[in-house]
Amino acid sequence: MSYKAHARWLTALVTMLIAVTAWSSEVLQPAQPAAVEWSSSTDQGSVFAAISESEVMHLADVSSANTFNQNLKKHEANLPPPEDGIHDPNNEATFALQPPKVAFKGLPESTFGNQVDWVKSIDQKALAPRWDRVNPDEEPFVLDMDIVRPVKASMPDVVFPHRQHTEWLACSNCHPAIFIPQKGANQISMSAILLGEKCGVCHGKVSFPIETKTCKKCHSKPKPDDWKPPLSSATVNNPWK
Amino acid sequence: MALNAQRRNLGRSAVFAMMASLTAFALPQVAHAEYADVVINNYADAAGMRPVIFPHWFHRVRFRCKVCHADLGFQFKAGGNKINMAKIIDGQFCGACHNGEIAWSVENCGMCHSGIPGTPTHFHGSTVQRLIAPTYKALEKPADKK
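J.: Looking at this structure, I do not really get the packing of aromatic side chains. What am I missing?
T.: Within a pair of aromatic rings, the relevant descriptors are the distance that separates the centres and the angle that separates the planes. Tallied over the full model, the rule gives 6 aromatic pairs over all chains. For the pair Phe104(A) and Trp118(A), a centre-to-centre distance of 5.9 Å together with 90° between the ring planes defines the contact as edge-to-face. Taken together, the positions of Phe104(A) in helix α4 (residues 100-104) and Trp118(A) in helix α5 (residues 118-123) put the pair 14 residues apart, joining distant regions of the chain. A relative accessible area of 8% means that Phe104(A) is categorised as buried. By relative accessible area, which is 8% here, Trp118(A) ends up buried. Relative to Trp57(B), the ring of Phe104(A) lies with its centre 5.3 Å away and its plane at 80°, an arrangement referred to as edge-to-face.

Encoded structure:
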């Protein structure tokens, strides 16, 4: 075994130790002063040790219930595989996998999903993914046809662009299994999309996700100036009006 | 040299394992994997292999969706293709490319079988997963009524 190998093991061990100490001082410290105070102010350490234990648990309960915006989920994007929480860092090959940030360098950015604007990447020829498994020269059959879907709500109307889709997909990926190829023939709603149907088969899974920042990608055609929201029947028939 | 590299990796793995467990303490329930990573674990765990992780981002840099989802017949459903090793070495699914001609060959088990043991089949980072409570599902099918 070489000197270098020893040194590396040692560094690993020391790092682990530091990590453990840092962790324990951060997590355990608030508990310790309480315990020390209790037992030092009396002589019956064992009895009060039990009380202070429950005291500590109580404090922890309260603080975690009242965390600010407790339902807000934030993710750090594009972490390298060994740190991403689903790849196993005990698997040697995990370290041979490419970190996303390395691959995404120089591609047009976005602020959601993979943090890459995949449409622009192709439009600007920053990427040229193959249309055929073996032949790099085969070109996609791109259909430039927009379909406008009026929306019965204050949201801007939805424009479905065939162009961006047929850059990536074959007609048979959508027609007829997901959409009947006829304008207006498909019932689409936002709840279906959020559940992973219709547009949600891909959007929210591989293509851009459904979140506040992306609503306007689909809802892109502003309502006419004279647009008024339809009144609900409960409002129209309201007996106390 | 090879031995050295292996030791380096082991040391690194240990540090990362530590870091991973620390993050687990600090942030329960959040995994940070890349958007659109698919964990496939219909059979792998039962056979003593780590679950498979398929990275969409890595493949879509190289191929359009059509290659896999139209030409190679991958259904749009995580775990829905019933992939296994016999099919792969016959040139189906991952085996259409991971054959030593288009991409590295199947003897690199750990490249695909890289998931944390016990991770169920799922689609990472999907909008459905990020819903705080699946309101829409409840409207369709009340859980307490059968």
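J.: Whenever I open this one, the sheet that holds strand β1 (residues 37-40) of chain B confuses me. Can you help?
T.: By way of backbone hydrogen bonds, the strands of a sheet pair with one another, either parallel or antiparallel. Residue and element names in this part refer to chain B. Taken in spatial order, the 3 strands line up as β2-β1-β3 in an open sheet, and their pairing is antiparallel. If you trace the sheet from one side to the other, it starts and ends with β2 (52-55) and β3 (122-123), each paired once. Relative to β2, β1 is paired through 4 bridges, and the arrangement is antiparallel. In the sheet register, Val39 faces β2, and the bridge partner there is Ile53.

J.: Looking at this structure, how should I read the sheet that holds strand β2 (residues 157-161) of chain A?
T.: Residues and elements named next belong to chain A. Taken in spatial order, the 3 strands line up as β1-β2-β3 in an open sheet, and their pairing is antiparallel. Both edges of this open sheet fall to β1 (146-149) and β3 (219-221), since each of them pairs with a single strand only. On average, each strand axis in the sheet is tilted by 55° relative to the strand beside it, whichever way the strands run. Here 4 bridges tie β1 to β2, and the two strands are oriented antiparallel to one another. Within β2, the position partnered with Arg149 by the bridge is Val158.

Cut-offs applied
- Residues numbered from 1 in each chain as written.
- Chains lettered and ligands numbered in written order.
- Predicted model: local features only at pLDDT ≥ 70, side-chain atom pairs only at ≥ 80, totals over all residues.
- Heavy atoms only, no water.
- Phe/Tyr/Trp six-rings, centres within 6.5 Å; stacked < 30°, edge-to-face > 60°.
- Helix = DSSP H or I, 4+ residues; strand = E, 2+ residues; numbered from the N terminus.
- Buried < 20%, exposed > 50% of the residue type's maximum accessible area, 1.4 Å probe, protein only.
- Pairing = 2+ DSSP bridges.
- Axes fitted to C-alpha atoms, helices over the stretch in contact; angles between N-to-C directions.

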